[in-house]
Each structure stands twice: as C-alpha cells, then as structure tokens.
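Summary of the model geometry
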Amino acid sequence: MAWMTYISHWFDEDDWYEGQQRAKMSQVRQVGLLAAGCQPWNKDVCAASGDRFAYCATLAIYIYQLDHRYNEFKLRAIMSEHKKTITAISWCPHNPDMFASASADSLVIIWNVTEQKVVAKLDNTKGIPASLSWCWNAGDAVAFVSHRGPLYIWTISVPDSGVTVHKEAHSFLSDISLFRWHPKKKGKVVFGHTDGSLSLFQPGSKNQKHVLRPESLEGTDEEDPITALEWDPLSTDYLLVANLHNGIRLVDSESLSCITTFNFPSAVASVQCLAWVSSAPGMFITGDSQVGVLRVWNVSHATPIDNFKLKKTGFHGLHVLSSPPKKKSCSSQRPTKNHYTSSTSEAIPPPTLTQNQAFSLPPGHAVCCFMDGGVGLYDMGARKWDFLRDLGHVETIFDCKFKPDNPDLLATASFDGTIKVWDINTLTAVYTSPGNEGVIYSISWAPGDLNCIAGATSRNGGFIWDVQKGKMITRFSEHGKNGIFCIAWSHKDSKRIATCSSDGFCIIRTIDGKILHKYKHPAAVFGCDWSQNNKDMIATGCEDKNVRVYYLATSSDQPLKVFTGHTAKVFHVRWSPLREGILCSGSDDGTVRIWDYTQDACINVLSGHTAPVRGLMWNPEIPYLLVSGSWDYTIRVWDTRDGTCLDTVCDHGADVYDRAVESGAPPLLCGKVSRDIKQDVEKKTGNARVKKLRWFSECFTPPGGSKNLWDLVAVIKGQDDSLLPQNYCKGIMHMKHLIRFKMSRAQELTTVKMSKFGGGIGAPSKEERLKEAAEIHLRLGQIQRYCELMVELGEWDKALSVAPGVSMKYWRKLMQRRADQLIQEENDDVIPYCIAVGDVKKLVSFFTARGQLKEALLVAQAACEGNIQISPLSTTGGSSNSGGNNTDDYNELLHKVSKELAEWYFQDGHAVLAACCHLAVENIELAMANLIRGNELELAISVGTVLGESAAQATHYALELLARKCMTVTTCFPSLGYRDLAADLLMMIPDNKLQLAKLCAFYPGCTEEINDLHEKCNLPDVEECMRLAETIQADGDIFETIKYYLLSTEPEKALPIGIQYVKKQLCGSDWTLDSICPYLDLLSYIRTERLVLHKCNEFRNELLILCGYIGALLAIRRQYNSIVPALYEYTSQLLKRREVSVPLKIEQLSEELDAWRACTQLNKPTDESPCTPPSELQRMVYSILVSRIQEEPLKGMIGPDCVTGSNLPSHSDVHISCLTGLRIQGPVFFLEDGKSAISLNDALMWAKVNPFSPLGTGVRLNPF
C-alpha cells in the first residue's frame, strides 16, 4: 500500500501539489500540432525538391521530409517569418537547401531549409510579388513580379544593390497570373496573363507580348486567366498552357502556333493546375478546379489516358517530384499511414486497377493541394496516397474549445468560415461544418452531451450547429449585419446564449431565439463570459476600456459593477471557475488584470506581454493559475497571487488568439474532480486500487494512448473482456483479441462490399506466335511447358489454373515465383498468393518493407493462431514436429513485428503507444522501458505497480528517477513536502537503504531538518554518522566510509577518499564500469553548497572530470549516441582548463572517441559513400572499451530517450543546442545559467549517465 500512501500524500500535502504544479507549469511544452491546410488563393503555393515538399498556409510554410527509416513523410519545419499573406514559394533548382518565399507586405525571404533559418531578406519589392521563381541560369538569383510588372531580378549575393529590372518585361496590358523561366534556354521566360494571353521574352529574339490567346477569345474583351504554365522538359520551344475555361494547349513559342488542343470528357471540366511527369516522357497530369479529378495525359493523345477522382473538392496546385524519393526496402519501416486521413476525410478511396490501366499510369509522386486546404503526396504508379493531410484550416484560427463531456474532442473556429472538430489523440478532423459563414470569431459548446456548437460570425449573425447531424439548426440575426465577436453558452442554464457585437449590444437570448436582455454599451463589445458560480451573472469587455458585470435576475439594463483601469480596449473576460467573484480581463494595452468582484477592486496587474492580449484561460484545477495568449506570438503562464510569470511559450509563429483547457480531463491537483478522487482514494474499498492508480497517472500524462495502455493492463491482469470500452478495438489491441475483432469487422463489411483480394493479373503480351505454341503444348499434354509460356506472356492466372496438373509441388513453386514478382512490383495482389501457400514470413517481410507494420502484425498473429496453414508439400525432410516449430517461428515473428511497430511509435514521440504495442504481446519489460525512456515516470510507476513482480525492476528504477526529480526541484526542495515525498517514493523500493542514504546526503536543510529526515529513513543523526565514518575508515571499508561522511556534518571529507579510490582503479588494467560507478554515483550526492566551496575546488574538478568520462562510457553502453561525443568533449575541456591530477589524457579521450565512431559506424552502413574501416589500433581500443563497459543490466533501457513532442517543430522559438551546435527539435531544456539550452531528450540521457550539468558548475541536472 506504499504507492497508495503516496497518492493520498499527493492529495493532502499543500507544499507538494503547489510546488509540483509550479514545477510542471514552468515546463509547458508542445505535445501535439494540428497543421494548417494549404491556402487556396495564390498560385505558386506548393513546391518540392528531392525527398522534401512544402506548402504554405496564410502566414507559415510547412516543410515535410521523408524519413527514410520508416518511409514516411514527417513535418520537419514551420517557417513563419512572414507577417502578411504568403503569395508564392519556390525551391532552388540548383541547391535543395535553398528556398524562396514572398508575401503581401512586399517581402522576399531566402531560407536555408536544413538549418531552418533566414539567409537573406528583401523588404521593399515595390509591389506585392504575385509570382516568384529562382532563375534557372543563375544559382543565386530570384525573380519576382507583381500585377503588370516589371520583372525584378534579385541577386542574393549582392543584397544592397542586387535588384535589377528586366529590360523588356514591363508595361503589360493585363495582370500577370504567373511566369516561368525556361529550364534549359538561358534567359527565356514566359508570362501568363489574366486575359488568357502569353508574353514571351528571349535574349536575341523579338519579344512577344500578349500573344496566343485562345481562339474563342480573339476579338473580345472577355478574360480567361492562365491557370497553369509549364515548359516541355524535352523541348526548347514547346509550352503547355492551361486556361481556366478554354482548357489545355501545347503551343510552339517560336512559331507562335498551337500544336495540340486537348479535349476534356466533360464540357464543364476546367483546369486549375498541371505538371509534367519527368519520369514518363511526353506525359503530364492536370487537376480539375471543381472536383478533385486527376487526369493523366500524353502529348500524342488529345484526350486523357486516364481520369481518377481523388477528392470531392477541386484542385488548387500540383507539383511532381522531379526525383521521386527512393524508399528503402529494409525491415524497419513505417506502419500504414491511414492515421493521416480522418474518418470524415473527403479523399476518395483508391480505385482498383484494371489490367490495362496498370500500365498507363506514369511512375512518380505528385504533391496535390486542394481548394479545401487538403494536402497530399500521391503515388501515381501505385494509385495510393503516400501522405494525406486532410481538412486543415486555411486561415487564422480565432477560437478553440474542448468538448465539456469529452476532452478528446477539440473544436476550432477560423477566418476560413468553418468549424472543425478534432480528435486530439489522432490529430485528425472528425467533423467539419458546412462552411461559407464568413469569418467565425467565436464558438461555444453546448453544456453536457448536447453535441451542439454555437458560432459567432462576421456577417451572418450567430448560429447553432448540430455536430453529428452536420447541419445548422438555428440562426440568430438580432445584431443585423454587425459582426458578433463572442458567443457564450451558459454553463448553468443550457437554454441561454449570450452574444456581443460591434453594434455595442450584449444580447441574452434563449436557444429558440427569445430575447431576454439587451445590454447597451457605449462602444463595441468584444468579449463576454458567464459566471460559473452564479447562473445569472455575466461579464463583458468593451472597446471603451472597461469591464462590466450584469445581473440577469433583475430587469435593469445597467451593470452592477464597472471596472476601470485598462488603457486600451478590453477584448476578453474570464471568470475564475474556482474562486468566487474573481475575474480576469485581457486588453490591447498588453496587460491582464485580475478583479475581485466582492472588493470592487483590481487586485493584480499581470505585465509582460508586448502586444494586445487575446486569449485567457483559468486552470480548472489550480485556483491561481492563469494562461494568456497575445499578438506578441507568446503564451504566458501566470501565478495570479503575486503576478509572477511562471513560463513563456514561444512555439507560435503568429498572433495567439485563444487557448482551451480540458475541463473534463483528469485533474491536475485540486478542484471538484480532484476532491472527488481524493474522497474515493480515502475510502478503503474493495478492488479500486487499479482505478485509483489510473486516475493518478493520467494527471501527468499527455493525451494520446494512456487509456489504451490501461485497457491492455486490465487484459493482462485478467479483466473480463465484456468490461472493455467500446472504442478498445480502435486502438492497439491485445494479440488474443486482434483476430477476433478483425474477423468481426470483416463479417460486417461483407454485407456492404465484396472482398478486395484479386488475382494479381500481370502484363499480357501480344505475341501471337507464343500463344499459338502454348496452345499446341497444351493439346499435346505438355502442361508444364504451357505454364512456362503463359508465364512468359504474363498470363499468370491461366498458368496457375492448370499447374496442379503437373504436380502440387510445381503449382506451389509457381505461386512463389508469382509472389516474388509481385513483391518486386510492390503490388498488393501478392497477399492471396502468400496466404495460399502459407508463406507467412514472405508476406510479413512484404508488409514490413512497405512500412505496413499493422498489417504485418495481423498476419503474424493469424499464423500464430493457426489460421494460416503451411502446405504439407512445403515441409522438408518430412519432420513430424514441424508444426510446433512453425508456431515458435510465428511467435518470434509476431514479437519482432510488434517491436518494430513500437519503435516506430517511440521514434515518432509516442512512448505510451509504443508501450501499448509491447503490452499487446505481453512484453512487459520493453513496455515499461518505453514509458521510462519517454519520461512518463508517473505512468510507468502506476502501471508497474499494477503489473507487479514482472515489472518490479523497471518500477524501482522509475521510482528512483522520480525521487531524483523531487530532490532537485530548486524552487521547492528542501520543502518538507518534497523531502518527505522523495523519501516515500524510495521507501517503495524493497532494497532502499542506499537510495535513502543518497537522499539524506543531498538534502540541504538545517541540521535539525536533516536529523528529522535521517530518523524517517532509519539512519543515525549527523553526529553519529561522523563517528561511524571515522570508525569504518579505520576498518578499510571505502564505500561505507564515503556514505557516512556524506551523511555527517562534514560531507566534503568523503571527496578525497572516494576520488582517490576511483583514480587508483583507473590506473589498473582490469577495472570495469560496475566497479567504479557505485562510488562516483554516491559521491555525486554531496550537497551542492558544499561541493561548490572554494576549498573543494580541486576535488570538485576531479569529480566532474571522472563523472564526465564514466558518463561517456555509460552512454556508449546505453547507446545514447547523440551525447557520447559531447561527454568526451566535456571531459576534455575540463582537463584542458582546470588543474587536476587524474589518470586521463586528452589524447586518450580523443583516441577512444575516434575508435567508437569508426567501429560503430562500420556496423551501420548507409546508402551513401561507404565508411572507412577502422584501423587495427581502433579495433583494439574499442575492444578494450567494450570489455570495460560490459552489458547493461536494464536491457530494455538501451537506446535513446524520446519524450512526447520530440518531433514537433516550433514556429519561432529557435534554440541551438550547446552540446551539438544544431537547432533543437522538440522540447528544450535550459541549463542553470538560463541561457544555454539542450534538447530535453539529451538532457534526460545526460542526467542518467552523468548527474552534473554540462556547464561544469557542479550543479546537478534535473530534467525529469
């Protein structure tokens, strides 16, 4: 019951929960990101180069890159330097790291994509650049043009005077839609105009302006804008032109003639974009503007070769990758990427291929952008999405709210006129509103489970949207055409809704439209909020700088209170949910004011934002915590008691309008839900232990996977399957359930559609002589020869249908040959062939090579359960027990695939889901290791406690790390709550004497407090420890001597004894990590204020150097490869700069590091140039290192740490790691100087192998 005591202590100790929350809130980090969609306004909004592609939203550019290990495109960077709408982007054709963008504030920026930084800026383009392109004939020049010209050319290497004007390209008679440089002919450029004409310029030739208008437009004033324009890559003169209404033409730019006019199947079809397919000469693709139909063309045919519908909404942009990403066929690949497509995605499922169509489609990948903001990478040859980011907002998000009764659903409202509801666990849109509402400024969920959202718009009044039915059920028009800035559904009375508007009124109405109150203000009203403690009280924020409070129970239209103090308009107001009468307001003066209604006074002013404050949110469980968002791009966390800013989050790259909190989520420490849990914990009732631990752990766990994990724990502990939640089958299931649930799903699907498996038809040959010969062989009874000819002709079905006439052995070999061929083609038709012959391993390898790990897992489990039988003819040697061996092989295969899927989740920053994969096959050791390596310590301890003995070792390690966290929280330790909490955690470890001694040694309180802690931990007082140390030293027990000196009144006396012992060990030849680590680890717990004393300088320096060196070896043991060089460099720098006497040489450290690099790189070859093999000396040095390092006792802990959000980019908060010199991706950890930063992952790994800060100050590191 020790852990339950800890939970009760957690709820009872004021010091603990207040301190923990201050610590937690000062480490606010990004755990999820809902990427914006692609903007549908400007033309050049998508680009690609090699294994990267990019698209732009309104103010940000999103860069995706192929992760070659998992064959998956991941968001790598968000570039948000532009402050006005981005108008065009272009990738440099000569340098894949260089990227250009332009925006409506007459700004052009050159980016280095790899380093994610601005290389150059041109901030006065003399007009808005409507189109932008790198000059093909110059490596460092970018051209841009606006409206009717002229064409400007900016040479980046000459930023001051590098802008020149094209001599001829100016004074056009029609606006420019876009322009394109010729990729081969130097200086040749074409412009497309809104009137449908072209303008051509070429050095040494006559310039042609406004030529080649469609014939139907000649002699008229009608406009038919050029929507797409691309030079033929195989010609110097041919040009592919698309007009919105007059279709596509192939024109000759020299003779100014039309070569081919392409015809569409439907007269209503119109072209929005086109692109040449470089991998298929003469082929190009187009995207329709009204419906998402992708058409494949060849210049030799006037009609499309093929048409297929990808989405219900029209195309906006197309870009074919010039060099499609080469994907590795290794066993560690990505899982099926269907998590990118939401359940309401408008993407059309890929159609099945007919025999002829399979050979008409060009190989290649197309970046597709759609009018609804959807973005995808489409594999044209395989006819499938490699990536699809569907239903993203394409404009500013003004409001976001969690659903009151389901914190997994988040609603967002946008300038684009839509509301979207997101599942925050999968980060996909599950509902989207009909749209066309103008700007939606504000939303409010209906109370409880009504499943409705009220919305406020800029021009169409207010409305109520029934989310599940997908339609508007009520509209409010009392404000006329005036914009409604805020709408609020009453928390206490579901029949009342408040709106406030630019007309100066705050109107209270019932949901059926009956007006109850109209409160007139002297100016526009921007915000309103219902009191959560009094259903008849509402507050408003007004342009006149005042906050007003109204009481609805009276008939008066005058406010009860008017709060003055802001010096600019008040935009938002929020009542505290926990402190009655407390109200906050955010203003354009950059401050947040806290008001006490009962005192009629402002009780605090929160200053720190440098721009208008827009978002306000009280924490629903901690009464004094407030979060604010501002146009200064930051989110700030405040302690409203003293006005302290606890944290500033800079992940946004533009104005922050609103934020939301999971009001129905598990609690963070106080408030109604927490009180309910505390009461339940205090009840000594039956078998509620697991439920209590689950509640507790979820307080500290980010969204995504924890519910799934606890369901799997329940299954392992023997819970009845009938108690599993309904959505259990949507997550990672235990293997014993996987087949049953999938079979049930299959039976459900058979009622609506046929099976997907086909025959896998190959390419038929037209050589009649071979067909005739085959028929002759068949009639002669030479079946095998007939089959071989049919195979040669590609008629696999005919060959396989008669192959059993030769023998079943021959049929099986033929099936395997067909399967091998289909695997090479990456064709899904391989599945039935492998299943039929029972070749499970080949099928699993096929799925894993494609990254479809979930499919591989399903097949492996089916084989384990005996659903896939290997043919008796396939067994060799006639072994009678081969079935048993196959079962063992299949189980091994199952665990292997599960491990690969877990590794994919883990590397993607989802440690909890990775743990679910391991628990699904009951690999408890690796499940616990993933939670600890993901720094989900509270969850690991809770789960480990429930799982019991099988997880004991990992649970004890997690307890030790969590105790370290409590011991080194500088703002709270040595508070009694933290001190006792650390002791309670360590007491949960059975063999805890040494850990308790370390706690007491490090505790920095006064002598009386230290003795109290000693008594709690069953240790002698400090004076007795001093006497014991002197006695034990005489007996020669070095370890115990160090321990008791550290516990005494003079802990520094332990330093020379311990350091001398370690140096002596290092001078020998047979030392190992395990013989030295315990001594250094114990010494590292000396109290910091004693270690930094001047008299301890020499010993401190030696301790830091020894810990750095041993830490490097520990990092090698645990494969913390990212910090091994940094630890060696840290140790070398300390040796250089500080006078010490240790048996280490800088040359030795350099030699060891080089040997490690050479030998470990040899084991991991890449596709690039082969590594230089290590020398004999390097092999010998590395061999010695390995013998000293030995094996890691906690085998599951091998591998780098990866916390939630590790792969998420930041918009603007760019930090460079002081360890690696590289930009930090994911959460950042600041060192004790407040400036130096490293990644949180590196900080966690560093602290696990070397407790001291990388800055060499002697301060202990606490990233846990």
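Structure report, in brief. (Residues numbered from 1 in each chain as written. Predicted model: local features only at pLDDT ≥ 70, side-chain atom pairs only at ≥ 80, totals over all residues. Heavy atoms only, no water.)

**Re the nonpolar core**
One broad rule of soluble globular proteins: the nonpolar side chains tend to lie buried together. Counting 190 residues, the largest nonpolar core has I1110, L1113 and Y1128 as the members making the most contacts within it. In terms of residue count, helix α27 (residues 1097-1117) provides more of this core than any other element does, 12 residues in total. Filtering out sequence-adjacent residues up to four positions away, Y1128 remains in contact with Y1109, A1112, L1113, I1116, L1149, E1152, L1153 and L1185. Residues A77, M79, W91 and V113 belong to the second largest nonpolar core, which totals 39 residues. (Core = buried A, V, L, I, M, F, W, Y, C linked by side-chain atoms within 4.5 Å. Buried < 20%, exposed > 50% of the residue type's maximum accessible area, 1.4 Å probe, protein only. Helix = DSSP H or I, 4+ residues; strand = E, 2+ residues; numbered from the N terminus. Contact = heavy atoms within 4.5 Å.)

**A short note on the environment of G455**
If you trace the backbone, G455 turns up in strand β34 (residues 452-457). Residue class for G455 comes out buried when judged on its relative accessible area of 0%. For the pair G455 and W445, spaced 10 residues apart in the sequence, the C-alpha separation amounts to 8.9 Å. Every residue in contact with G455, bar those within four places of it in the chain, is listed here: S442, I443, G461, G462, F463 and I487.

**Here we look at the sheet that holds strand β22 (residues 283-288)**
Pairing is antiparallel in the open sheet, where 4 strands are placed in the order β21-β22-β23-β24. If you trace the sheet from one side to the other, it starts and ends with β21 (271-276) and β24 (306-311), each paired once. With direction set aside, neighbouring strand axes in the sheet form an average angle of 25°. Here 5 bridges tie β22 to strand β23 (residues 292-298), and the two strands are oriented antiparallel to one another. Bridge pairing in β23 places F284 opposite W297. (Pairing = 2+ DSSP bridges. Axes fitted to C-alpha atoms, helices over the stretch in contact; angles between N-to-C directions.)

**A few points about the packing of helix α5 (residues 706-716) against helix α15 (residues 911-920)**
Two elements in contact, α5 and α15, have axes whose closest approach is 9 Å; the angle formed by their N-to-C orientations is 20°. With respect to α15, the axis of α5 lies roughly parallel. Our pair here, α5 against α15, has a crossing hand that is left-handed. Across from S706, N708, L709, L712, V713 and I716 in α5, the residues of α15 making contact are V912, L913, A915, C916, L919 and A920. (Parallel < 35°, antiparallel > 145°, perpendicular 65-115°, else oblique. Left-handed = near helix turned anticlockwise from the far one by under 90°.)

**Describing the packing of aromatic side chains**
Two aromatic rings are characterised by how far apart their centres lie and by the angle between their planes. Scanning the entire structure with this criterion turns up 35 aromatic pairs. Each ring, one from F262 and one from F284, has its centre 5.2 Å from the other, and the planes form 75°; the classification is edge-to-face. Pair noted here: F262 is in strand β20 (residues 257-262) and F284 is in strand β22, with a separation of 22 residues, a long-range link. Owing to a relative accessible area of 0%, F284 belongs among the buried residues under this scheme. One residue, K561, lies across the ring of Y597, its end atom 5.2 Å from the ring centre. Its guanidinium or amino end placed over the ring of F571, R614 lies 3.8 Å from that ring's centre, counting from NZ or CZ. (Phe/Tyr/Trp six-rings, centres within 6.5 Å; stacked < 30°, edge-to-face > 60°. Lys NZ or Arg CZ within 6 Å of the ring centre and 35° of its normal.)

Shape is all these values report; function is a separate question.
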